[in-house]
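If you want the building blocks of each chain, they are given just below.
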Amino acid sequence: MTNSPAPHANRVAVVTGASSGIGEAAARRLAASGAKVALVARRADRLETLAKEIERDGGTALVLAADVADAAAMRAAAAEVEANLGRADLLFNNAGVMLAAPIDELATGDWQRMIDVNMTGLMNTIGAFVPHLVASAAEKGVADLVNTSSIGAQAVFPSFAVYVASKAYVTHLSKNLRADLGPKGVRVAAIEPGLVETELQGHVTDAGALEWLDGVRETLTWLKPEDIAETVAFLTSLPARVNLQQVTVMPTAQV
């Protein structure tokens, strides 16, 4: 597979959080590698622009404006993917939000939003597309479920407690999903990026967290979304017998 000029040819990839950052970069990369790509996010205008650019470059893209926190919308998206592109055999479960504040500020609305997107949204997407993945693996011999976690799943960051807890959920869930899906030919991977230049930092409003982010931006070179996209393309183009279950991708100077 990896020696093919288009290692993702004949594959149908679904990318959530595709309107910016890592999701957008992954959608472009998978389309360039031959996959038909379904673009899922709330911002339809951004998705339409991305789809036109992918198609201009010879790829195939389907726009699905939906919120992963809406289970019914995700089930509808899965039906639309099957009707227009065929069954999905690659799901990049990437949508997420990062809202930071000291826990004693009791920013309960932000807590709930992170739970709704990073955890419930993840499960809504899995629930909608796992039937596709299992059926595709039976037909093609392999399918892929890739979940975006974070280095925060392994570390302690002041003011980010709920965010990193949500990402620890993603990592541990991914490990356990392999017990259910691996025997059915579905590879499951968690990607844990370190600092990546995306819109995610723009979600943060807490002064202390922003000061910390600005400080580390000055002291080291952050990853680009394309670095994570390349990782997704690599691990989903390996031979079917190979499953990189947990991949931590760090800026060289981040410790």
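What you see is a predicted model; the values in this text were computed from it and never measured.

Tell me what's going on with unusual backbone geometry, and back it up with residues and numbers.
With a phi close to 55 degrees, Leu106 is a non-glycine residue in the positive phi region. One can find Leu106 in the loop between β4 (90-93) and α4 (108-140). Overall, the relative accessible area of 55% leaves Leu106 in the exposed class. Notably, Ser159 is not glycine yet its phi reads approximately 80 degrees, a positive angle. Positionally, Ser159 belongs in the loop between β5 (143-148) and α5 (161-181). On the accessibility criterion, Ser159 (22% relative accessible area) is partly exposed.

Give a detailed account of helix α7 (residues 225-235), specifying residues and quantitative values.
Pro225, Ile228, Ala229, Thr231, Val232, Ala233 and Leu235 are the residues of α7 that are buried. On its buried face, α7 is in contact with α1 (21-32), β4, β5, β6 (186-193) and β7 (246-249).

Provide a residue-level description of the sheet that holds strand β3 (residues 60-65), including the pertinent values.
Ordered in space as β3-β2-β1-β4-β5-β6-β7, the seven strands form an open sheet in which the pairing is parallel. Here the strands that pair on one side only, and so sit at the sheet edges, are β3 and β7. Strand-to-strand twist across the sheet, computed as the mean angle between neighbouring axes with direction ignored, equals 15 degrees. Where β4 and β5 come together, four bridges link them in parallel fashion. Looking across to β5, one finds that Leu90 is bridged to Asp144.

Pulling in residues and values, what's your account of the nonpolar core?
One finds Val14, Val81, Phe129, Leu145 and Phe160 to be the most contacted residues of the largest nonpolar core, which totals 50 residues. No other element matches α4, which puts nine residues into this core. Apart from residues lying up to four places away in sequence, Phe129 is in contact with Val14, Met74, Ala77, Ala78, Val81, Ala88 and Leu91. Counting residues in hydrophobic clusters, the runner-up holds 32 residues, among them Ala27, Ala31, Ile191 and Val232.

Tell me what's going on with the pairing of β3, and back it up with residues and numbers.
In terms of strand pairing, strand β2 (residues 36-41) meets β3 through six bridges, oriented parallel. Residue pairing across strands places Val37 opposite Ala61, the latter belonging to β3.

Before we move on, can you summarise the environment of Ile115 with the specific residues and values?
Turning to its location among the elements, Ile115 is positioned in helix α4. According to the relative accessible area criterion, Ile115 is partly exposed, its value standing at 32%.

Just give me the short version of the environment of Ala25, but keep the residues and values in it.
Along the chain, the position of Ala25 falls in helix α1. Setting aside chain neighbours within four positions, we find Ala25 in contact with Pro225, Glu226 and Ala229.

Break down the environment of Trp212 for me, with residues and values.
By the secondary structure assignment, Trp212 is in helix α6 (residues 207-219). Exposure remark for Trp212: the relative accessible area of 35% places this residue in the partly exposed category. Along the primary structure Trp212 and Leu85 are separated by 127 residues, whereas in three dimensions their C-alpha atoms are 43 Å apart. If near-sequence neighbours (up to four positions away) are discounted, Trp212 is found in contact with Phe157, Phe160 and Leu195.

What counts and how
Residues numbered from 1 in each chain as written. Predicted model: local features only at pLDDT ≥ 70, side-chain atom pairs only at ≥ 80, totals over all residues. Heavy atoms only, no water. Helix = DSSP H or I, 4+ residues; strand = E, 2+ residues; numbered from the N terminus. Buried < 20%, exposed > 50% of the residue type's maximum accessible area, 1.4 Å probe, protein only. Contact = heavy atoms within 4.5 Å. Pairing = 2+ DSSP bridges. Axes fitted to C-alpha atoms, helices over the stretch in contact; angles between N-to-C directions. Core = buried A, V, L, I, M, F, W, Y, C linked by side-chain atoms within 4.5 Å.

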